[in-house]
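For reference, the chains in residue letters:
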Amino acid sequence: MPTLKIDGVEITVPPGTNLVEAAKVAGKDIPIFCYHSHLSIAANCRMCLVHGSQNGRPWPKAMPACQTLVADNMEIDTCSEKTQAVRKGVLEFILINHPLDCPVCDKSGECMLQDNFFEHSNRPSRFHEYKEQKLKTYDIGPQIIYDGERCINCTRCVRFMDEIALDNQLAQINRGDRSVIACAEGKQLDHPYAMNTVDLCPVGALLGKDFRFQKRAWFLQHTDSVCPGCARGCNVVIDSARLENEVYRIKPRDNAAVNGPWMCDDGRWTYHQARERRLTQATVRQDGEHKAVAVDVALRQAATLVRLHLGKPTLAVAVSPHLTSEDLYLAASLQKQLFRASTYAVTGHAPWKGDNFLKVSDRNPNRRGAAAIHDALGLKDVLDGNALLTAVESGKVKALVLIGTELPSADFDRLKAAFSKLDALVVLASEKDAAAQLADVAIPVAAFTEMEGLWVNAFGRVQRVRACVPPKGDAQPAWKALRGLARQLDVNVRQADHRDLVVDLAREVPLFNNLTHESVGAFGVARGAETSAPRKVGEGKLPEDFTLPA
Amino acid sequence: MSLAQSEHPKGPLEFSAKAKDEIKHHVAKYPDRRAATLPALYVAQREFGYVSPAAMATVARELDIPETWVREVATWYTMYNKVPVGKYHVQLCGNISCHLTGADKLIHGLSQALGIKPGETSKDGRYTLAEVECLASCGSGPAMQVNDDYHEHLTVEKALKILRDLP
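Sequence order sets the numbering: in each chain, residues are counted from 1 along the sequence as written. All chains are assigned letters beginning with A, and all ligands numbers beginning with 1, in the order in which they are written. Local features in this predicted model are restricted to residues of pLDDT 70 or higher, and side-chain atom pairs are both shown and tallied only at a pLDDT of 80 or more, whereas totals for entire chains, interfaces and linings draw on every residue. Values shown for side chains rest on all heavy atoms present in the structure; no hydrogens or waters enter the calculation.

**A short note on the overall build of chain A**
- On a plain count of helices and strands, chain A comes out with 16 helices and 25 strands.
- In terms of overall dimensions, chain A has C-alpha extents of about 85 × 50 × 40 Å along its principal axes.
- Three exposure classes are used, based on accessible area relative to the maximum for each residue type with a 1.4 Å probe and protein chains only: buried under 20%, partly exposed in between, and exposed over 50%. A burial count over chain A gives 56% of its 550 residues as buried.
- Residues count as neighbours in contact if any of their non-hydrogen atoms are within 4.5 Å of one another. A separation threshold of at least 6 residues defines the contact pool for chain A, and within that pool the share at least 24 residues apart is 67%.
- For chain A, the accessible area works out to roughly 23900 Å², and carbon and sulfur atoms hold 51% of it. Put simply, DSSP H or I for four residues or longer makes a helix, DSSP E for two residues or longer makes a strand, and each gets a number counted from the N terminus. Per-residue and other accessible areas were derived by the Shrake-Rupley procedure at a 1.4 Å probe size, with only the shown protein chains allowed to occlude residues.

**Details of the environment of L69 of chain A**
All names here are of chain A.
- With respect to the helices, strands and loops of the structure, L69 is situated in the loop between β5 (63–64) and β6 (74–77).
- When its relative accessible area of 45% is taken as the criterion, L69 is described as partly exposed.
- Each C-alpha atom, one on L69 and one on R275, is 47 Å from the other, the two residues being 206 residues apart in sequence.
- Look past the residues within four positions of L69 in its chain and what remains in contact with it is G16, T17, N18 and M74.

**Description of the domain arrangement of chain A**
All names here are of chain A.
- Per the annotation, domain bounds derive from an automatic or database assignment of domains. Looking at the assigned domains, one finds that chain A contains domain 1 (3–94), domain 2 (102–116 + 126–274) and domain 3 (277–526).
- Averaged C-alpha coordinates put domain 1 and domain 2 at centres separated by 27 Å.
- Counting residues at the interface gives 16 residues for domain 1, matched by 19 residues for domain 2.
- Simply put, the buried area is the total loss of 1.4 Å probe accessible area from both parts when two parts are fitted together. Summed over both partners, the interface of domain 1 with domain 2 comes to about 1500 Å²; 60% of that surface belongs to carbon and sulfur atoms.
- Counting the surface domain 1 buries against domain 2, the share from its top three residues, F33, L39 and E92, is 40%.
- Salt bridges, as used here, are contacts in which a Lys or Arg side-chain nitrogen is within 4 Å of a carboxyl oxygen on Asp or Glu. If you look at where domain 1 meets domain 2, you find 1 salt bridge.

**Concerning the confidence of the model for chain B**
- Mean pLDDT over chain B: 91, with 94% of residues reaching 70 or higher.
- Values of pLDDT, which run from 0 to 100, indicate the predictor's confidence residue by residue. Here residues 1–5 of chain B is modelled with pLDDT under 50, and outside its nearest four sequence neighbours on either side it reaches 19 contacts, counting other chains as well.

**A short note on the domain arrangement of chain B**
- According to the domain assignment, chain B contains domain 1 (17–76) and domain 2 (88–165).
- Domain 1 of chain B and domain 2 of chain B are separated by 29 Å when their C-alpha centres are compared.

**What to know about the packing of aromatic side chains**
- A pair of Phe, Tyr and Trp rings is counted when the ring centres sit within 6.5 Å of each other, with Trp represented by its six-membered ring. The angle between the planes then sorts it: under 30 degrees is stacked, over 60 is edge-to-face, the rest tilted. Applying the stated rule across the entire model yields 9 aromatic pairs over all chains.
- Relative to Y127 of chain B, the ring of Y88 of chain B lies with its centre 6.4 Å away and its plane at 35 degrees, an arrangement referred to as tilted. Within this pair, whereas Y88 of chain B is found in strand β1 (residues 88–93), its partner Y127 of chain B is found in strand β2 (residues 127–132), the two being separated by 39 residues in sequence. Both residues of the pair, Y88 of chain B and Y127 of chain B, belong to the buried class.
- By the ring-pair criterion, three or more aromatic residues cluster together here, those being Y42, W76, Y77 and Y80 of chain B.
- Here the basic side chain of R275 of chain A rests over the ring of Y248 of chain A, its NZ or CZ set 4.9 Å away from the ring centre.
- In this scheme, Lys NZ or Arg CZ marks a charge over a ring once it lies within 6 Å of the ring centre and within 35 degrees of the ring normal. One Lys or Arg, K359 of chain A, reaches over the ring of W352 of chain A and ends 5.1 Å from the middle of that ring.

**Let's talk about the sheet that holds strand β17 (residues 315–319) of chain A**
Residues and elements named next belong to chain A.
- For two strands to pair, DSSP has to find at least two bridges joining them. Reading across the sheet, the 8 strands line up as β16-β15-β22-β21-β20-β17-β18-β19 and stay open at both edges, with mixed pairing between neighbours. Each edge of the open sheet carries a strand with a single partner, namely β16 (289–293) and β19 (382–384). When strand polarity is set aside, the average angle formed by the axes of neighbouring strands in this sheet is 20 degrees.
- With 2 bridges joining them, strand β15 (residues 282–286) and strand β22 (residues 441–444) adopt antiparallel strand pairing. Bridging from a neighbouring strand, V284 pairs with V441 of β22.
- To obtain an axis, a line is fitted to C-alpha atoms, over the contacting stretch when the element is a helix, and the angle between two such axes runs from 0 to 180 degrees between their N-to-C directions. Contacts from helix α9 (residues 325–339) reach β17, β18 (343–346) and β20 (399–403), with the element oriented near 165 degrees to β17.

**Describing the pattern of salt bridges**
All names here are of chain A.
- Under the criterion given, the structure shown has 37 salt bridges over all chains.
- Two residues, R178 and D177, come together in a salt bridge whose shortest N-O distance is 3.8 Å.
- On the basis of relative accessible area, R178 is assigned to the exposed category, the value being 52%.
- Between E246 and R275 there is a salt bridge, with its nearest N and O atoms 3.6 Å apart. One end of the pair, E246, is in strand β14 (residues 246–252); the other, R275, is in helix α7 (residues 271–275), and 29 residues separate them in sequence.
- Residue classification places R275 among the partly exposed positions, given a relative accessible area of 24%.

Here it is as structure tokens:
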């Protein structure tokens, strides 16, 4: 393994490591724009130029660190005046035509060009010529706006589309200072993973329409969580505004075992369901009309409705695989000691078409967790959502408690016809969806941005969901609402708080043995041998025995 | 040689059988099909008169590579005409050696005689005038390239005679 010195720090790294990665090992930071650890090397931004020497002989000129591989007896300097002078020159070139419209640019505050400029140059421009005018606010795709003047032509987005999305939709056209990113004539950047190009863009050239002009980056706080979009459970960062407690954006978080640094566009829009159309107040139906009431009143009403059916074949209880494992555990134990419903079901959205990259066909983030809990607690004959709807439609069920309202059918008329056969419908809902609108009692519960807990993805990996904003209105975590309902039905739940639930869950369900929120951590814990890692970079592109010509 | 004098319609274009054979010949020379983009674009330019988006799409289809790859190449190189040109594309060298031997006068003279500035096409679609960089004819300037043919040691009169004598 090559041993080299970076700023005098001696390190040994595997052969084939480039100098940017090697510098990280040595605790040094080489500034970059076009380099990305998951993309091919372009070495076109020149930001990572460093001086160095080999066997004591200085290199004739500065070399791009991203493209230079480590070798024995190499010495690199990442912060000498000579290297810094190179960086100043590079930044001056990059900024010749950059419009410096940071005050109206959404990237401002999280822009690599700003950061690198402040850290490595921070001097006024010597250019007094007019700046080249190029495409501005160009509608490059259904989700994305392109700004050719801000673009520094690093081609990260082009390489992402070529190498990861495997769909060559983007090109760098024209040359010199007229270079811009474009699609083929008459085409658009339209791909289920296109928004990753916005994350990759080091400047504000590619911006998502969804987040554009919504919030300045420095007002956002970042919470590590998990995407609820499908059963892969991509690791994400949820960006929310501190002051108004609103979620503004979801971005992928690098976890090689689950999603790499990518996520699909559909996953990014999931935060809308936690922001809009929310059920924020408990409602009780009186004389055919929904009346907003305090949660306690609603719980009491729910208890009155359900009490008649406890332990009878007319009662059905259904849980959603979007709930945390703690919620599901409490629901399952209440089913055993309180509800004793003859119909117990796990609902959930109908499957969608997965793809060969990240999306899996199950759209529910915790179905695996639900199955593990029900197995461990010995719940038999757990129905799925469709079977539940059929049972309700048959008129056998008279009282239904829906804990979480993700149903396989969102067809309002079908649900209305089915639920009209019920005497009592109690729902714990985060959204004002069909079930919440048709309910006799609707109790608001936390959305995925507001709850703490554990999810198990389709590959058996336990991951931690974190609350980034407090529950909206009167909403509360589902386990608290359940505990309230149990109390109204004269059953005291043993667990005093969330922590107790986690302890019991870890003790009683083998999948969660010895786990706590802390030990699951930000990156999750794999249970079982299955791997959930997405396909590798460039897979299916070059033959395996491909070697570079000597 | 069929040179277009008007813009291509939006729909797809089709190569002649001969052009297809020629592209096949170029493809056979390289280890991968993408490498044949440059010669294939020349075939397209000759075939369709200029490299319109429709022509780029046709090249991409013929080479079985993404359209974006062709667009990158075609827009990078200046010798692919992205706008329609006249029957005779008159490229006048304006670089230093030709300039010293009177390229300036030549360009102005032709401009006046033909009534078009560099970059424009005459109304009858016969000539397109262009000022280009070095034509690699420094010892024999001023030089002019009309379509694929070189003319050297020019004066305004000589150049005009050459142009007027063209079929």
